[in-house]
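# Residue-level structure breakdown
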Amino acid sequence: AGAIFVMRVALVVVVVLCAALACDAGRGSQDTAKKNKPDSPNKIARRAEQLVRNSDYAGGLRLVGGGHLASAIWSAACVQLAGQSTTGGMEDSVSNQTTIMRCYQTTLRLDPRIHRIRMQMGLLFFQRGMYEKAARVYMRLIARSELEAPYLKAAWDEEKGDMGAMKRVVKPVPTQPKSARLLDSEKLWPAETWYMVASSVEMTHENLTLSYAAFRRAVDLKKDYLHAFHGLVHMCCRICNWEDREEHFRHTRHLIDTGGVDGMGPIFALNYPLEIEQVCKVVAGRANLVKNQAAPFRKVPLSFLPPEFADREGMHKIRIAVLSADLNIRPVGKLIQSVFRMMDYTRFEVAGYCLEINDGSSVLENIVEGVVKWEWVKNTDTGSIAENINEWAAHVMIDLNAYTAGGRASVGVLRPAPVQINYLGFPFTMGLPAYDYVITDRIATPPEHIACYAEKLAYVPHMYMVNDYRQSYPLRDVDEPPPRALLEEYGIPPDDFFFANFNHLQKLDPDSYSYWMAAMRKHPKTKLWLLRFPREAERYLRREAEAAGVHPDRIMFTDKFPDDVHMDIKRAAKVLLDTSDYNAHVSGLDALWIGLPVVTLPGDRMARRSGASFLLNMEMPELVARTGEEFVEIASALAGSPRKLAEMRHRVAVQRVEGKLFDTPLWVQDFQRLLNHMVETAMLFDHPVGMRGQGKYKRFHQVLAASDIYAD
């Protein structure tokens with residue numbers, strides 16, 4: 001019995017040991033299986049991304065191997081890399097963009113069917129300003145689609161003059177069976193691709209009829225595509241195609257009222273037939289976008305410090321950081337080129353932060369001459385620009401772009417300076433509480449027009465728009481005609497009576513054009529002189545003229561003239577007729593400087609009131625109309641009475657010299673007074689720097705005027 005018991009115990013021990021060994025073996029096999037399990041595609045993509053980031057392309061290729069899965073993994077790595085670059089995880093520099101582009105090219109060598117990568121490649125070209133290359137990438141994608149390729153050919157036919165070719169396309173029958181399924185990376189998103197064709201072509205400023213056709217196709221394919229619809233509306237305004245204008249803006253107003261502002265540029269909304277409340281909604285949409293662009297840099301602790309302030313008696317120099325992409329030969333640069341040189345160096349220091357490349361112009365040289373510090377920041381990220389401004393201890397930051405091309409309003413959102421100003425580039429509020437003031441005047445922005453302004457109004461006593469004509473352009477006698485040889489060289493009849501407008505034609509609206517046509521009908525010998533700006537508008541405006549009872553041949557279109565002769569050539573005009581929905585700004589000042597009377601009809605916002613501000617500052621209120629009918633009467637009176645026209649031209653000539661509109665030193669004195677008061681206010685009310693306390697201090701006044709501060 002004892003032996004039997006021992007044997008049973010031994011058997012139990014053996015069974016337990018065997019079970020334990022089996023369990024260990026199982027665990028071992030599971031561990032081995034885990035070790036031998038291949039990494040997921042996501043893990044491989046992340047590792048490939050790291051190799052790409054370190055420029056180890058060979059290592060990345062070895063990691064992913066070959067075949068379709070490899071190209072998909074490589075594609076994911078590229079997209080992750082690009083995503084980090086655009087959200088602030090990587091410095092958004094040319095070198096990083098080059099790395100991403102090489103990543104895309106490697107993917108397409110592995111598998112040319114990955115349309116998603118071609119879309120991303122086109123977007124990268126677009127972001128780098130290489131618009132022609134971007135357009136070619138997207139058009140090749142369209143050409144690869146058997147359904148969309150015929151529309152691309154028709155779009156080019158319309159560009160060549162065959163209007164309506166897109167409507168005549170017979171929809172192709174696909175040869176690929178419905179059962180054939182493509183991977184997401186192989187699909188062509190036709191509406192989005194057409195939209196990028198349209199946008200890329202538009203930015204080349206050539207072939208705008210092709211761009212118009214592409215926007216139409218994108219909208220036809222995807223009716224609720226907001227970016228494409230707003231792009232189509234804007235393009236119709238650019239080329240003066242008003243056929244569907246009423247329907248377009250009926251739908252535009254509905255979209256704005258229901259929150260559909262994505263893709264609409266605020267600078268264009270100022271030119272649209274919208275209620276002021278609707279413009280405010282568009283601006284608010286862009287302000288939210290800018291805040292989101294600044295958001296990644298808020299996550300990084302920015303050690304912003306306020307600059308030191310002394311008592312008023314011992315005030316240190318006020319430091320002004322000027323941020324702009326227009327510190328060059330662009331219109332804004334021409335206007336402000338002498339301002340910083342004229343400022344009191346014992347009281348002010350200016351630093352320029354240029355968001356563009358060196359254009360080598362004399363305008364740029366003049367601006368640089370007036371500053372103590374200059375930074376090229378086009379390829380610098382938002383956070384670094386803000387840190388640079390704050391480290392320099394700027395008291396004031398002036399944004400000359402706001403929501404215009406090349407601007408970086410997100411820098412202001414980070415609040416690098418205690419006083420931040422919106423000036424000149426964007427004639428409206430930015431809708432951002434981080435900006436304290438907008439510089440304007442009482443005519444351009446009366447207090448009752450403040451609408452949704454987030455900034456306080458900072459008034460200069462005279463015209464808000466500084467200019468440099470007395471320093472930059474010779475003063476010509478208004479009775480002295482331009483050289484006949486020069487006019488003959490450019491095909492300008494020297495003896496004709498020309499009404500003129502030298503604006504970009506996207507500023508022109510049907511109502512303004514109807515006023516011009518009415519004045520021309522009253523005086524059959526008059527002609528209208530416009531710029532081909534753009535050339536695609538010519539056919540539409542000639543057609544509109546004929547419909548209004550004016551022979552199309554009475555409209556003369558010319559190309560833009562070289563900078564060194566354009567002022568002399570334009571003296572051949574007699575009267576400048578202003579556009580009502582968006583007044584002439586620089587071209588209006590050009591006209592007054594060369595002695596042309598300007599007829600204007602002011603509206604309900606700053607962009608529609610600069611003409612009135614010009615003329616009232618020149619003491620010529622009789623050229624400011626109150627209604628469309630009065631506009632026609634004023635223009636007709638000048639065309640019908642040589643004596644009245646000569647009198648007006650003489651008054652313009654006198655005011656150029658004796659008036660305040662072209663007095664740059666006087667404007668600079670008023671500007672300095674405003675800056676002094678802004679900085680003193682910041683000292684008293686502890687304006688925030690960085691993200692500390694933004695929006696928590698009270699607005700103690702809504703209007704700040706230099707003329708109300710100092711009597712001297």
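Rules behind the numbers
Residues numbered from 1 in each chain as written. Predicted model: local features only at pLDDT ≥ 70, side-chain atom pairs only at ≥ 80, totals over all residues. Heavy atoms only, no water. Disulfide = S-S within 2.5 Å. Helix = DSSP H or I, 4+ residues; strand = E, 2+ residues; numbered from the N terminus. Salt bridge = Lys/Arg side-chain N within 4 Å of Asp/Glu carboxyl O. Buried < 20%, exposed > 50% of the residue type's maximum accessible area, 1.4 Å probe, protein only. pLDDT = per-residue confidence, 0-100. Contact = heavy atoms within 4.5 Å. Phe/Tyr/Trp six-rings, centres within 6.5 Å; stacked < 30°, edge-to-face > 60°.

## Observations regarding the state of the cysteines
A complete count under the given rule lists one disulfide for this structure. Bridging Cys280 to Cys452, the disulfide has an S-S length of 2.1 Å. Across the S-S bond of Cys280 and Cys452 the torsion is about -90°, and the bridge reads as left-handed. Within this pair, whereas Cys280 is found in helix α14 (residues 276-298), its partner Cys452 is found in the loop between β6 (437-440) and β7 (456-459), the two being separated by 172 residues in sequence. Between Cys240, a cysteine without a disulfide, and Cys237, which holds the nearest cysteine sulfur, the sulfur-to-sulfur distance is 8.2 Å.

## Overview of the pattern of salt bridges
Taken as a whole, this structure holds 35 salt bridges when the rule is applied. Here Arg341 ties to Glu369 by a salt bridge, and the two come within 3.9 Å at their closest N and O atoms. In this pair, Arg341 sits in helix α16 (residues 339-342) while Glu369 sits in helix α17 (residues 362-369), placing the two residues 28 residues apart along the sequence. The class for Glu369 is exposed, based on a relative accessible area of 54%. The shortest N-O distance in the salt bridge between Arg476 and Asp568 comes to 3.2 Å. One end of the pair, Arg476, is in the loop between α20 (469-472) and α21 (484-489); the other, Asp568, is in helix α24 (residues 566-570), and 92 residues separate them in sequence.

## Some thoughts on the confidence of the model for the protein chain
For residues with low pLDDT, the predicted coordinates do not support detailed interpretation. In the predicted model, the protein chain carries a mean pLDDT of 86, and 79% of its residues have values of at least 70. For residues 3-35, every residue scores under 50 in pLDDT, and the model assigns this stretch zero contacts once sequence neighbours within four places are set aside. Segment residues 86-93 is flagged for pLDDT under 50; beyond a separation of four residues in sequence, or across chains, it makes 16 contacts in the model.

## Details of the packing of aromatic side chains
Following the criterion strictly, the structure yields 21 aromatic pairs and no others. Note on Tyr403 and Phe426: the rings are 5.4 Å apart at their centroids and 65° apart in plane angle, and the pair reads as edge-to-face. Residue Tyr403 is found in the loop between β4 (396-399) and α19 (410-413), and its partner Phe426 is found in the loop between β5 (419-422) and β6; the two are separated by 23 residues along the sequence. For the pair formed by Tyr403 and Phe426, the shared burial category is buried. Taken together, a centroid distance of 5.4 Å and an interplanar angle of 80° make the contact between Phe497 and Phe499 edge-to-face. Each of the two residues, Phe497 as well as Phe499, counts as buried. The structure contains a cluster of three or more aromatic residues connected by ring pairs, namely Tyr490, Phe498, Phe502, Trp529 and Phe561.

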